[in-house]
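Listed below, chain by chain, are the residues.
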Amino acid sequence: MVLLFSLEGFMDKYALTQWIAFFYIYCFLGWCFESGYATIKERKPTNRGFLRGPYIPIYAFGAIFVLIITHNFQDNILGVYFSGMIAATILEYVTGYVMEKLFKVKYWDYSDHKLNLNGYISFSSSIAWGFLSILLTYFLQVNVSRFVSKISEQNLKTAIMVVNIILSIKAAFSIAKAYAALEKAKSEFSEVKEKLSIIAGGLLTGTQNKLIGIKDSVAERMSQANDMLSLSSLKSEIENIISSLSNTVASKTPTFLEQKIKYEVAREKLSLSFPKIGKVM
């Protein structure tokens, strides 16, 4: 009930375009803070963004959530501190838990902090969130709001549309580039697979039947090579063939060595040009 009352009173203060502007600004400021901290800590330029651009949405969600929660306590600095601390801590725990369940990666870990809960939150971080809530409420939002209010609604709409177009075009090019790398890798892997299969088929040793079975399995997998999963399977099959041939006379032939090197080069090129398919998608 308190949240609904606070939400209604606070949301009415600004137009929708202003809220969108706030969101973009806090995304960018969050990226500056996170990447700046990581750069100083690791002593090298570091991009800590979850997305591909200079923005981290969790900071925007967190800033707006804290501003809504602390809205009714603005006349009481202690009220802002504790309400902001609790709100940010809850959001941090829920976000950390959900992201780990979805992506199987822990994007932050407070396990080495005293009084932590599952590594998602800690007492020291919650204390810091309280002070940041005061900074956000009494300084940052005041200046951000003043800056946004000076921009006409039409200009805000234009700026938001331009940003949206730029991000959309960038995403489209990223996807196109990713699929081009995927198709090229498939083509190179297929060529290697075919030549290795010929080598396997020409062996006259006791392992011939096993190698033919592997070759047929690879051919069947190739007919389904329409996505990343099939590419992974194709890589696995090629590596199985190479492993099976490694202790045979075929492993000494120039053709085998040439195809083995070609596969390793193609695999390395794929890992360099296509490392973040999850982010692109």
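Note that the structure is predicted; figures quoted are calculated from it, not measured. (Residues numbered from 1 in each chain as written. Predicted model: local features only at pLDDT ≥ 70, side-chain atom pairs only at ≥ 80, totals over all residues. Heavy atoms only, no water.)

1. Considerations on the overall build of the protein chain
Move 1: In terms of regular secondary structure, the protein chain is built from 10 helices and two strands.
Move 2: Residues classed as buried in the protein chain amount to 35% of the 281 residues present.
Move 3: As presented, the protein chain carries roughly 17200 Å² of accessible surface, and 65% of it is formed by carbon and sulfur atoms. (Helix = DSSP H or I, 4+ residues; strand = E, 2+ residues; numbered from the N terminus. Buried < 20%, exposed > 50% of the residue type's maximum accessible area, 1.4 Å probe, protein only. Areas by Shrake-Rupley, 256 points an atom, 1.4 Å probe, with all protein chains shown as cover.)

2. Considerations on a nonpolar patch on the surface
Move 1: There is a patch of nonpolar side chains on the surface, built from Ile86, Ile90, Val94, Tyr97, Val98, Leu102, Phe103, Val105 and Tyr107 and spanning about 810 Å² of accessible area.
Move 2: In this fold, Leu102 is placed in helix H4 (residues 77–103). (Patch = residues over 30% accessible without salt bridge, like charges linked within 9 Å, V, L, I, M, F, W, Y side chains within 5 Å. Salt bridge = Lys/Arg side-chain N within 4 Å of Asp/Glu carboxyl O.)

3. Overview of the packing of helix H2 (residues 16–42) against helix H5 (residues 123–149)
Move 1: Interhelical geometry of H2 versus H5 gives an angle of 125° and a closest axis separation of 10 Å. On the basis of the axis angle, H2 is oblique to H5. Note on packing geometry: the crossing formed by H2 with H5 is right-handed. In contact with Gln18, Ala21, Phe22, Ile25, Tyr26 and Leu29 of H2, H5 contributes Leu136, Leu140, Gln141, Val144, Ser145, Phe147, Val148 and Ser149.
Move 2: Tallied by class, residues from the contact of H2 with H5 come to 10 nonpolar, four polar and no charged. (Axes fitted to C-alpha atoms, helices over the stretch in contact; angles between N-to-C directions. Parallel < 35°, antiparallel > 145°, perpendicular 65-115°, else oblique. Left-handed = near helix turned anticlockwise from the far one by under 90°. Contact = heavy atoms within 4.5 Å. Nonpolar A, V, L, I, M, F, W, Y, C, P; charged D, E, K, R; others polar.)

4. Describing the pattern of salt bridges
Move 1: Scanning the model with the defined rule gives two salt bridges in all.
Move 2: Measuring nitrogen to oxygen at the nearest pair gives 4.0 Å for the salt bridge that ties Asp109 to Lys106.
Move 3: On the basis of relative accessibility, which here comes to 31%, the residue Lys106 falls in the partly exposed class.

5. Notes on the packing of aromatic side chains
One pair of aromatic rings is described through two measures. These are the centre distance and the angle between the planes.
Move 1: Taken as a whole and judged by the stated rule, the model has 10 aromatic pairs.
Move 2: Each ring, one from Tyr93 and one from Tyr120, has its centre 5.1 Å from the other, and the planes form 90°; the classification is edge-to-face. Taken together, the positions of Tyr93 in helix H4 and Tyr120 in the loop between strand S1 (116–117) and strand S2 (121–122) put the pair 27 residues apart, joining distant regions of the chain.
Move 3: Above the plane of the ring of Tyr120 lies Lys106, whose end atom (NZ or CZ) is 4.8 Å from the centre. (Phe/Tyr/Trp six-rings, centres within 6.5 Å; stacked < 30°, edge-to-face > 60°. Lys NZ or Arg CZ within 6 Å of the ring centre and 35° of its normal.)

6. Here we look at H2
Move 1: Look at H2: 39 Å from first C-alpha to last across 27 residues, which is about the 39 Å you get at 1.5 Å a residue.
Move 2: All of the buried residues along H2 are Thr17, Gln18, Trp19, Ala21, Phe22, Tyr26, Cys27, Gly30, Glu34, Ser35 and Ala38.
Move 3: The positive-phi residue at the C-terminal boundary of H2 is Arg43, with phi of around 60°. (Expected span 1.5 Å × (residues − 1).)

7. Brief notes about the nonpolar core
Move 1: The biggest cluster of nonpolar side chains holds 17 residues, and the ones touching the most others in it are Trp19, Phe22, Tyr26, Leu136, Val144 and Val148.
Move 2: In terms of residue count, helix H3 (residues 57–70) provides more of this core than any other element does, six residues in total.
Move 3: Residues within four places of Tyr26 in sequence aside, it is in contact with Tyr59, Ala60, Ala63, Leu67, Leu136, Leu140, Gln141 and Val144.
Move 4: One finds Phe189, Ile242, Tyr263 and Ala266 within the second-largest nonpolar core, a separate group that totals nine residues. (Core = buried A, V, L, I, M, F, W, Y, C linked by side-chain atoms within 4.5 Å.)

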